[in-house]
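Here is what each chain is made of, one letter per residue.
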Amino acid sequence: MQRLLHDLLDNSAAAVPDQVAVVDGDASITYADLAERSSRVANALRDAGVSRGDRVGLYLDKSIESVVGLYGAMRAGAVYVPLDPQAPAARLAYIAGNCDIRTLVTSVCKQEQWPELLAEGAPVESLFVLDAAQSHEVDAPSATRVFANDAVSTQPASAPKVGVIDLDLAYILYTSGSTGEPKGVTQCRRPAETAGLYQPDRPPHLL
């Protein structure tokens, strides 16, 4: 049986469900809760139209929500792309356009930057705001759909069956771009697999 990166979370949730997985200041989350919450996010992403191989941007500070979003994207069969929350909107929009990010997992504290991303050409259509309680309370651009905890918490607690394989991409990390445009470095879902250089014109599920 193939081992995938997100299977490591399932193994820990089964073996030590009550052990703390992530600590964020005074807050923490266990392996069991992380598996459950990320599964609900994965199901919400799928319901919103995210398919295997789609790119999902993570645009939020390091937090429990960022880890939930990371695993949620992988469980949905998507490829997560971290977006530096301190980077200029033009750089982030370039990355979003380069790998066709149409869904962002983000936070309320970034809502002032969302219009800037769209104005710079980011093709984002959906915002998953994991630290917001109600979707209608989020001040988002009219061109986007918003999903908050009211849309996520009612989803099934078990991960969707997507059929990903070990050579599907898990994530794309972009370089600083100090010598030119940022370039994406890929990592497949097989643990410790060698990374490669992202090429937008290649099939989305292959290195």
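Structure's up top.
None of the values given here were measured: they were computed from a predicted structure. (Residues numbered from 1 in each chain as written. Predicted model: local features only at pLDDT ≥ 70, side-chain atom pairs only at ≥ 80, totals over all residues. Heavy atoms only, no water.)

> Tell me about the nonpolar core, and please be specific about residues and values.
Judged by nonpolar contacts, the single largest core of 31 residues is most densely connected at V68, Y80, F128 and L130. Those elements that provide at least two residues to this core are α1 (7-15), α2 (31-47), β3 (55-59), α3 (64-75) and β8 (169-174). Ranked by residues supplied to this core, first place goes to α2 with 6 residues. Once residues lying within four places of it in the same chain are set aside, the contact partners of F128 are A44, L45, A48, T103, L104, V105, T106, F147 and V152. Core analysis: the second largest hydrophobic core is formed by 26 residues, V81, A89, C99 and W114 among them. (Core = buried A, V, L, I, M, F, W, Y, C linked by side-chain atoms within 4.5 Å. Buried < 20%, exposed > 50% of the residue type's maximum accessible area, 1.4 Å probe, protein only. Helix = DSSP H or I, 4+ residues; strand = E, 2+ residues; numbered from the N terminus. Contact = heavy atoms within 4.5 Å.)

> Which residues make up the packing of α1 against α2, and what values go with them?
To characterise two packed helices, one gives the angle between the axes of the helices and the distance between these axes. Contact geometry of α1 with α2 gives a least axis separation of 8 Å together with a crossing angle of 135 degrees. By the criterion of interaxial angle, the relationship of α1 to α2 is oblique. By crossing handedness, the relation of α1 to α2 is classed as left-handed. Facing L9, S12 and A13 of α1, the residues of α2 in contact are Y31, A32, L34, A35 and S38. When grouped by side-chain class, the residues that make up the contact of α1 with α2 number 6 nonpolar, 2 polar and no charged. (Axes fitted to C-alpha atoms, helices over the stretch in contact; angles between N-to-C directions. Parallel < 35°, antiparallel > 145°, perpendicular 65-115°, else oblique. Left-handed = near helix turned anticlockwise from the far one by under 90°. Nonpolar A, V, L, I, M, F, W, Y, C, P; charged D, E, K, R; others polar.)

> Outline the environment of V138, supporting the account with residue identities and numerical values.
Inspection of the secondary structure assignment puts V138 in the loop between β6 (126-129) and β7 (145-147). Put simply, V138 and A148 are 10 residues apart on the chain and 8.2 Å apart in space, counted from C-alpha to C-alpha. Those residues in contact with V138, other than ones at most four positions away along the chain, are Q111, W114, V129, A132 and V146.

> Could you give an account of helix α4 (residues 89-98), with specific residues and numbers?
For α4, every residue scored as buried is listed here: A89, L92, A93, I95 and A96. Projected down its long axis, α4 shows its buried positions confined to an angular sector of 160 degrees, all on one face. The inward-facing, buried residues of α4 contact β3, β4 (79-82), β5 (101-106), α5 (114-119) and β8. Residue D100 follows α4 closely and has a positive phi angle near 60 degrees. (Arc of directions from axis to C-beta.)

> Can you break down the packing of aromatic side chains residue by residue, with the values?
The geometry of two aromatic rings is summed up by the distance between their centres and the angle between their planes. Taken as a whole, this structure holds 2 aromatic pairs when the rule is applied. With 5.1 Å between their ring centres and 35 degrees between their planes, Y80 and Y171 make a pair best called tilted. One end of the pair, Y80, is in strand β4; the other, Y171, is in strand β8, and 91 residues separate them in sequence. Using a relative accessible area of 9% as the deciding quantity, one classes Y80 as buried. On the numbers, 4.6 Å between centres and 15 degrees between planes, the contact of F128 with F147 is stacked. Of the two residues, F128 is situated in strand β6 and F147 in strand β7; the sequence distance between them amounts to 19 residues. (Phe/Tyr/Trp six-rings, centres within 6.5 Å; stacked < 30°, edge-to-face > 60°.)

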